[in-house]
Amino acid sequence: MANEERIVQAGMDPLDDLVLAVRGDENSTSPDYELPPAVTLDKASEVLDLDPAEGLRAAQAGTYPVPVISVGKDFRVGTAHLIRTVGLDRVRAALRVQG
């Protein structure tokens, strides 16, 4: 799938959890792999090559490089924002998704 156009859509996994389903073949009904809709701030910082402490300070200051979601005292980052910023392959590699 190195040079193929991939399709990223929302879907449900077998446990009825929301996922981003990535398909290399638009005619296929099953995804090549699935990504979570959001990741922790630490994981997002890893994807963006930021130190986790630096990422936390940036999120608290409202200067994180992509939009963050405040969940209580924690933060989450939408996977779609990471894909737009660094690319699907890098996000997939950082999340260690097999396909």
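Source: prediction; values computed, not measured.

What counts and how
- Residues numbered from 1 in each chain as written.
- Predicted model: local features only at pLDDT ≥ 70, side-chain atom pairs only at ≥ 80, totals over all residues.
- Heavy atoms only, no water.
- Helix = DSSP H or I, 4+ residues; strand = E, 2+ residues; numbered from the N terminus.
- Contact = heavy atoms within 4.5 Å.
- Areas by Shrake-Rupley, 256 points an atom, 1.4 Å probe, with all protein chains shown as cover.
- Pairing = 2+ DSSP bridges.
- Axes fitted to C-alpha atoms, helices over the stretch in contact; angles between N-to-C directions.
- Core = buried A, V, L, I, M, F, W, Y, C linked by side-chain atoms within 4.5 Å.
- Buried < 20%, exposed > 50% of the residue type's maximum accessible area, 1.4 Å probe, protein only.
- Salt bridge = Lys/Arg side-chain N within 4 Å of Asp/Glu carboxyl O.

Draft legend 1. Layout of the overall build of the protein. A count of helices and strands for the protein gives four helices and six strands. Mapped from its N terminus to its C terminus, the protein presents α and β elements in the order β-β-β-β-α-α-β-β-α-α. In the protein, once contacts between residues fewer than 6 apart in sequence are set aside, the share between residues at least 24 apart is 41%. Total accessible area computed for the protein in this model is approximately 6,200 Å², and 49% of it derives from carbon and sulfur atoms.

Draft legend 2. Up close: the sheet that holds strand β4 (residues 38-40). The strand order across the open sheet formed by three strands is β4-β6-β5, and the pairing between neighbours is antiparallel. Unpaired on one side and paired on the other, β4 and β5 (68-71) mark the two borders of the sheet. When the angles between neighbouring strand axes are averaged without regard to direction, this sheet yields 35 degrees. Across three bridges, the pairing between β4 and strand β6 (residues 74-78) is antiparallel. When the sheet's bridge partners are listed, T40 is paired in β6 with R76. Its contacts with the sheet place helix α3 (residues 79-86) against β4 and β6, and it is angled at close to 55 degrees to β6.

Draft legend 3. View of the nonpolar core. Judged by nonpolar contacts, the single largest core of 22 residues is most densely connected at L35, Y64, V77 and L82. Looking at this core, the elements that each hand over two or more residues are β2 (18-23), β3 (33-35), α1 (41-47), α2 (52-61), β6, α3 and α4 (88-94).

Draft legend 4. Expanded view of the pairing of β2. Counting buried positions along β2 gives five out of six residues, so the element sits mostly inside the fold. Judged from the three bridges that link them, β2 and β3 form a sheet pairing that is antiparallel. What sits directly across from A21, in β3, is E34.

Draft legend 5. Broad picture of the pattern of salt bridges. Scanning all chains against the criterion turns up two salt bridges. The residue E46 makes a salt bridge to K43 at a minimum N-O spacing of 3.2 Å. Taken together, the positions of E46 and K43, both in helix α1 and three residues apart, correspond to about one turn of that helix. E46 gets classed as partly exposed once you look at its relative accessible area, which sits at 41%. Under the relative-accessibility criterion, K43 is labelled partly exposed at 23%. Between D49 and R90 there is a salt bridge, and its shortest N-O distance comes to 2.6 Å. In this pair, D49 sits in the loop between α1 and α2 while R90 sits in helix α4, placing the two residues 41 residues apart along the sequence. Owing to a relative accessible area of 64%, D49 belongs among the exposed residues under this scheme.

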